[in-house]
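Structural overview for review
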Amino acid sequence: MTEDERNPVVEKPIVAIKDEDSFEVAAESAPSFTDGEGELLCGYTDENGNVHKTFGFRDINGMDEEEIAKAKNSGNDMKTSLKALERSLLYLGDIVKKEVGNEAFVKILRKLYIYDLDFMLMSLRTYLVGGTLQFKAQCPVCGTRLDVEEETSNLEIMPFDGVTSKSFELSKGFGLTTKDGIINKGTVRMPVVADIEAIYSVLKINPVKGTTILLSRVCKFDNGAFMTEDFLRKLSMKERKKLQEVLMSMRFGIVPHINVDCSECGRTIMLQVGEAESFLG
Ligand SMILES: [Zn+2]
């Protein structure tokens, strides 16, 4: 197994980027997942530069559930999540769904950063079915099967530090060959919902390939050229890792894992928040 396979940069969309390192968590009061309303950490910036952060839900009914179930048939969890939000969200900042129409509204949701979307989904979940996350786990030491519950209000939240793209530098000799020489610097932007939606089916089957495609969407050389999938496939593991680290360093929002102690042997087990039982049917 390669390093890449052990540490896929993306996995389930609820918490799309996995990082086994510890996270710095803000000590100040974290935003909570409450009654049908909330505020994103980063938010959506429209063409006039206005930032839209607040959001509100309505309850869903049988008709909504049918639509969500239909989306679920696609096998693409990001599409299912988007459908749930399309049905239940009423507004995002000053943008009211009724006024702009569903299609334009979903187009905007696709531009949200994935960590904002995770946060919004957790809020929706808390609103619709309550704040208890349920996990099925097995202790790797003693084999005990564990039913774990965690309240969404106990999830740790990483603050957004205002950074949505960062520069990368590949090692000497690696880079894009141009007539003026090799370009080895560029920028990585934070992934948005549309990125994960597009790569989701690949991601499910082959996380490494999914990561390659994701990197090709978000990495750009200083001359404006995107990094191609072909380039990324030929890139060494070390250099790929560098890009993934830049990508992961921009993470904010819900810390993607919780720690629980085995009730039998006391061993601390790390569970991925994205592995909690789905609330969307
Ligand atoms: Zn145990």
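As a reminder, the structure under discussion sits directly above these lines.
Quick summary incoming for the structure in this document.

**A short note on the pairing of strand β14 (residues 257-261)**
In terms of strand pairing, β14 meets strand β15 (residues 268-272) through 5 bridges, oriented antiparallel. Following the sheet pairing, I258 is matched in β15 by L271. Where β14 folds back onto β15 in an antiparallel hairpin, the turn is made up of 6 residues, including G266, whose phi is positive at roughly 85°.

**Structural notes on helix α7 (residues 193-205)**
Its 13 residues give α7 an end-to-end C-alpha distance of 19 Å, which sits within 8% of 18 Å, the value for a rise of 1.5 Å per residue. At I199, α7 shows its maximal bend, which comes to roughly 55°.

**Structural notes on the sheet that holds strand β8 (residues 165-169)**
With respect to topology, 3 strands assemble into an open sheet ordered β8-β11-β12, the strand pairing being antiparallel. A strand with exactly one partner marks an edge of an open sheet, and here the two such strands are β8 and β12 (219-221). Averaged over neighbouring strand pairs, the angle between their axes works out to 30° when direction is ignored. Sheet topology note: the strand β11 (residues 185-189)/β12 ladder contains 3 bridges and is antiparallel. For G186, the partnering residue across the bridge sits in β12 and is F221. Its contacts with the sheet put helix α10 (residues 237-248) on β8, β11 and β12, and the angle it makes with β8 is roughly 160°.

**Brief notes about the sheet that holds strand β4 (residues 95-96)**
Paired through their backbone hydrogen bonds, the strands of a sheet run either parallel or antiparallel. Read across the open sheet, the 4 strands follow the order β1-β2-β3-β4; overall the sheet is antiparallel. One side of each edge strand has no neighbouring strand; the edge strands of this open sheet are β1 (37-45) and β4. With 5 bridges connecting them, β1 and strand β2 (residues 51-57) associate as antiparallel partners. Each residue of the ladder has a partner; that of T45, found in β2, is V51.

**Brief notes about the packing of helix α3 (residues 77-88) against helix α6 (residues 114-129)**
Interhelical geometry of α3 versus α6 gives an angle of 60° and a closest axis separation of 11 Å. On the basis of the axis angle, α3 is oblique to α6. Note on packing geometry: the crossing formed by α3 with α6 is left-handed. Residues S81, A84, L85 and S88 of α3 form the contact with α6, whose participating residues are M120, L121 and L124. Counted by class, the contact of α3 with α6 contains 5 nonpolar, 2 polar and no charged residues.

**Considering the environment of Y113**
Structurally, Y113 can be placed in the loop between α5 (102-109) and α6. Sequence separation between Y113 and V192 is 79 residues, and the spatial gap between their C-alpha atoms is 4.2 Å. Residues within four places of Y113 in sequence aside, it is in contact with C42, T164, M190 and V192.

**Re the packing of α3 against α7**
Orientation of α3 relative to α7, taken along the N-to-C sense of each, is 135°, at an axis distance of 8 Å. Comparing their axes, α7 and α3 come out oblique. Each of D77, M78 and K79 in α3 lies in contact with α7, whose residues at this interface are V193, I196, E197 and Y200. Partitioned by chemical class, the residues of the contact of α3 with α7 number 4 nonpolar, no polar and 3 charged.

**Points about the nonpolar core**
In this structure, M120 and V193 are the most contacted members of the largest nonpolar core, which totals 54 residues. Three or more residues apiece are contributed to this core by two domains, here domain 1 (32-158 + 253-275) and domain 2 (190-248). Dropping the residues within four chain positions of it, M120 is found in contact with L40, F55 and L85.

What counts, and at which threshold
Residues numbered from 1 in each chain as written. Predicted model: local features only at pLDDT ≥ 70, side-chain atom pairs only at ≥ 80, totals over all residues. Pairing = 2+ DSSP bridges. Helix = DSSP H or I, 4+ residues; strand = E, 2+ residues; numbered from the N terminus. Expected span 1.5 Å × (residues − 1). Bend = angle between axes of the 7 residues up to and from the residue. Axes fitted to C-alpha atoms, helices over the stretch in contact; angles between N-to-C directions. Contact = placed C-beta atoms within 7 Å. Parallel < 35°, antiparallel > 145°, perpendicular 65-115°, else oblique. Left-handed = near helix turned anticlockwise from the far one by under 90°. Nonpolar A, V, L, I, M, F, W, Y, C, P; charged D, E, K, R; others polar. Core = buried A, V, L, I, M, F, W, Y, C linked by C-beta atoms within 7 Å. Buried ≥ 20, exposed ≤ 12 C-beta atoms within 10 Å, placed from the backbone. Domains from an automatic or database assignment.

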